[in-house]
Amino acid sequence: MSSRSQARLGRSIALHLFLTPLALIWLFPLWMMVVFSTMPDNGIFSPGIELLPHDNFIDNVNNLQRDTNFVGAIGISVSVAVTYTFLSVLLTSMAGWALARYNFVGKGVVVAIILGTITLPYAVVLIPQFIMVARDFQLANTWVALIVPPLFNSLGVLFMRQAFSMMPGDLFDAARVEGVKEWRIFLFVALPLARPMLAALAIILFLASWNNYLWPLLINSQPGAMTAPVALGTLIGLTKVSWGGIMAGAVMLTVPMLVVFVLLQRHFIAGIAAGAIK
Amino acid sequence: MRHQNATAYRFLAPYLLIFSVFWVWPIISSFLISFQATRTVPWRWAPTFNWGRLIGDPAFFNALKNTLLILVIQVPVMISLAIVMAVLLNSPLLKARGLYRFAFFAPVVVGEVAYSAVFRLMFNLNFGIINKLLNSVGLPSIDWFSNVTPAMALIMIAVTWRWAGYNAIILLAGLQSIPDDVYEAATLDRVSKVKQFFYITLPLLKPIIVFCAVLSIIGTMQLFTEPFLITERGGPGGGTETLGLLLYRQGFRSLNFGYASAVAYTMAGLAIAITLVQLWLTKEPK
């Protein structure tokens, strides 16, 4: 073996020796989530070290359902995330299309306001949003309250503007010459071409809605109107509560997203790499 | 080029409506609310009421201090770790790359509540797996929840676990945009890998590192869920109370909207300052 390939081998071994423990540490909390979710409470709170799953998952789910209506909360979370994702993708891609492909009065102002305020912390709008939705519109504890305010997110606008402005304009002009209406060009020519970007955007938005905690906590605090993370959060810190149940809930919130992540990793990474989720 | 105002605004209108009502107007509104006494009916214009209270409030300075402390320690540690992850994941020598990527990127999809619950259980004093593992190698248990220093450390560990991979994804995309021939030329010139990292990778990656740092600072600045759920409402005794938590308590427990808006605008001021530093750091040299 030449000294060069020996050095290469040495470097490769060092790389794996460093990265493997780090990867195991990183997977550890997720692994423990699964392990805890399969253990009875007296197993979780016992002095022994348990690193392998048991068989108490179904009982834990039942315990969780006894502590809070988690199945109902999951139903709300799924419906809200699906509706939010659809609406947000639609609205932001329409806006992105306008900004990418038309000249109009006020375009510079719109872009400047979006870009100029994008790094402002979300905390700044929390109080007025709450006052408006809860007091002025009287919409607390409704689906509208969960779905509509978060639609302000401008990530999709910038993302889709970028996507549409990279497309060749001739394509759309050709359709225009044929007399195709603008909204048809958008729906049937531009959107299908942007499918990978739409997928990336949809995944990121779905995840953001699925995991959203602070806004649903504030606005939908009544038991029957809670999303799944909020319902689960109310149990943390209570004394008489099944921790195996909480962990089963955490697993139900997390594992589907992990599966989606593994299946659609490319879109996921494209969405995150293109900018921030927030 | 001719203008297409009507068409453009038909596409823009639905989004602009929501954006104005739920983002632009609240930004203005919360600024105005911060100058009002909001616990009287009707609200009363009182320019120094909240801001005057803010600068004399030990709870505010405690939350500010905790938030800045977390920022100063957690963000550099996490960004450094993310750079290491990204560079190593990008190495052509790495086998089973998909597994490593999964390990580091998986926390990105985990919700705040789910992982807060797990961390709470893992770091439990008597029955937590972390203390059991410490004991098994002869180290004493750490009371993560009753003492301020370990509680702060726990918050930082949790946030780092959750967000390092997220930053690594962005950095990895940046790394992959550096052309290979730069490294090939350096290798031909017998520049060591370590030197290549410090003299090629880091400088070329600088704008993305700064971007990640700014995102992380603005995210960590609003830290809420972790001290809310893991260390239970900023405990022990306000030791992990953050600005986000103070805003929540003032705004939504005490319903003191004016004061909470002043806290929110303090965060906004910090965010603006940090964004200006970013623009200055990534300015193209003349």
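Under an unreviewed UniProt entry, the name given to chain B is Binding-protein-dependent transport systems inner membrane component, and the source organism is Mesorhizobium amorphae CCNWGS0123. Of chain B, the UniProt comment under Sequence similarities (unreviewed entry) reads exactly: "Belongs to the binding-protein-dependent transport system permease family." Its UniProt record gives chain B the following Subcellular location (unreviewed entry) comment, quoted word for word: "Cell membrane".

Looking at an unreviewed UniProt entry, one finds chain A named sn-glycerol-3-phosphate transport system permease protein UgpE, with Mesorhizobium amorphae CCNWGS0123 as its source organism. Of chain A, the UniProt comment under Subunit (unreviewed entry) reads exactly: "The complex is composed of two ATP-binding proteins (UgpC), two transmembrane proteins (UgpA and UgpE) and a solute-binding protein (UgpB)." Its UniProt record, at the heading Sequence similarities (unreviewed entry), says of chain A: "Belongs to the binding-protein-dependent transport system permease family."

Chemist: Can you walk me through the UniProt feature "transmembrane region" (unreviewed entry) in chain B in this structure?
Modeler: Residue and element names in this part refer to chain B. With numbering aligned to this structure, UniProt lists the feature "transmembrane region" (unreviewed entry) at residues 12-35, 68-90, 102-124, 144-164, 197-218 and 257-281. End-to-end, the C-alpha atoms of residues 68-90 are 32 Å apart, and along that stretch the chain is 96% helix and 0% strand. Helix and strand shares over residues 257-281 are 100% and 0% respectively, and the end C-alpha atoms of the span are 36 Å apart.

Chemist: Honestly, the UniProt feature "transmembrane region" (unreviewed entry) in chain A in this entry has me stumped. Any pointers?
Modeler: Per the UniProt annotation, the sites labelled "transmembrane region" (unreviewed entry) are residues 12-32, 70-97, 109-131, 143-164, 185-208 and 241-264 of chain A. What you have in residues 12-32 of chain A is 100% helix and 0% strand, and the ends, taken at the C-alpha atoms, are 30 Å apart.

Chemist: Looking at this model, I keep getting lost on the UniProt feature "domain: ABC transmembrane type-1" (unreviewed entry) in chain B. Mind explaining?
Modeler: In this structure's numbering, the residues bearing the UniProt feature "domain: ABC transmembrane type-1" (unreviewed entry) are residues 64-278 of chain B. A helix fraction of 74% and a strand fraction of 0% characterise residues 64-278 of chain B, whose end C-alpha atoms lie 21 Å from each other.

Chemist: Teacher, can you tell me more about unusual backbone geometry here?
Modeler: Note: most residues except glycine have negative phi, and most peptide bonds are trans. Of the consecutive residues V41 of chain B and P42 of chain B, the connecting peptide bond is found in the cis state with omega at -5°. Looking at the element boundaries, P42 of chain B is found in the loop between strand 1 (36-37) and strand 2 (44-45). Across the junction of G235 of chain B and P236 of chain B, the peptide omega takes the value -5°, indicating a cis bond. One can find P236 of chain B in the loop between helix 10 (225-230) and helix 11 (243-253). Of note in this structure, N141 of chain A is not a glycine but carries a positive phi near 65°.

Chemist: How should the UniProt feature "domain: ABC transmembrane type-1" (unreviewed entry) in chain A be read in this particular structure?
Modeler: Feature annotation in UniProt assigns "domain: ABC transmembrane type-1" (unreviewed entry) to the following positions: residues 74-264 of chain A. Within the segment residues 74-264 of chain A, helix and strand shares are 74% and 0% respectively, and the terminal C-alpha atoms sit 22 Å apart.

Chemist: What exactly am I supposed to notice about helix 1 (residues 5-33) of chain B here?
Modeler: Over its 29 residues, helix 1 of chain B extends only 35 Å from the first C-alpha to the last, a length that falls short of the 42 Å expected when each residue adds 1.5 Å. Along helix 1 of chain B, the helix axis deviates most sharply at L12 of chain B, where the bend reaches about 50°; the proline P14 of chain B sits within four residues downstream. Of all the positions in helix 1 of chain B, only A8, F11, L12, Y15, L16, I18, F19, F22, W23, P26, S30 and I33 of chain B are classed as buried. The secondary structure elements touched by the buried residues of helix 1 of chain B are helix 4 (70-101), helix 5 (107-117), helix 6 (123-136) and helix 8 (155-165) of chain A together with strand 1 and helix 12 (257-281) of chain B.

Chemist: Help me understand helix 6 of chain A, please; the structure alone is not making it clear to me.
Modeler: Helical geometry: 3.6 residues make up each α-helical turn, so side chains three or four residues apart lie on a common side. The end-to-end C-alpha distance of helix 6 of chain A, which contains 14 residues, comes to 20 Å, matching closely the 20 Å that a straight helix rising 1.5 Å per residue would cover. At Q129 of chain A, helix 6 of chain A shows its largest kink, close to 25°. Along helix 6 of chain A, the positions that sit buried rather than exposed are A123, V124, V125, L126, I127, P128, Q129, F130 and V133 of chain A. The secondary structure elements touched by the buried residues of helix 6 of chain A are helix 7 (143-147) and helix 12 (214-219) of chain A together with helix 1, helix 11 and helix 12 of chain B. Just beyond helix 6 of chain A, the residue with positive phi is Q138 of chain A, at close to 55°.

Reading the values: the criteria
- Residues numbered from 1 in each chain as written.
- Chains lettered and ligands numbered in written order.
- Predicted model: local features only at pLDDT ≥ 70, side-chain atom pairs only at ≥ 80, totals over all residues.
- UniProt positions renumbered as here; feature names shortened; annotations may be inferred.
- Helix = DSSP H or I, 4+ residues; strand = E, 2+ residues; numbered from the N terminus.
- Expected span 1.5 Å × (residues − 1).
- Bend = angle between axes of the 7 residues up to and from the residue.
- Buried ≥ 20, exposed ≤ 12 C-beta atoms within 10 Å, placed from the backbone.
- Contact = placed C-beta atoms within 7 Å.

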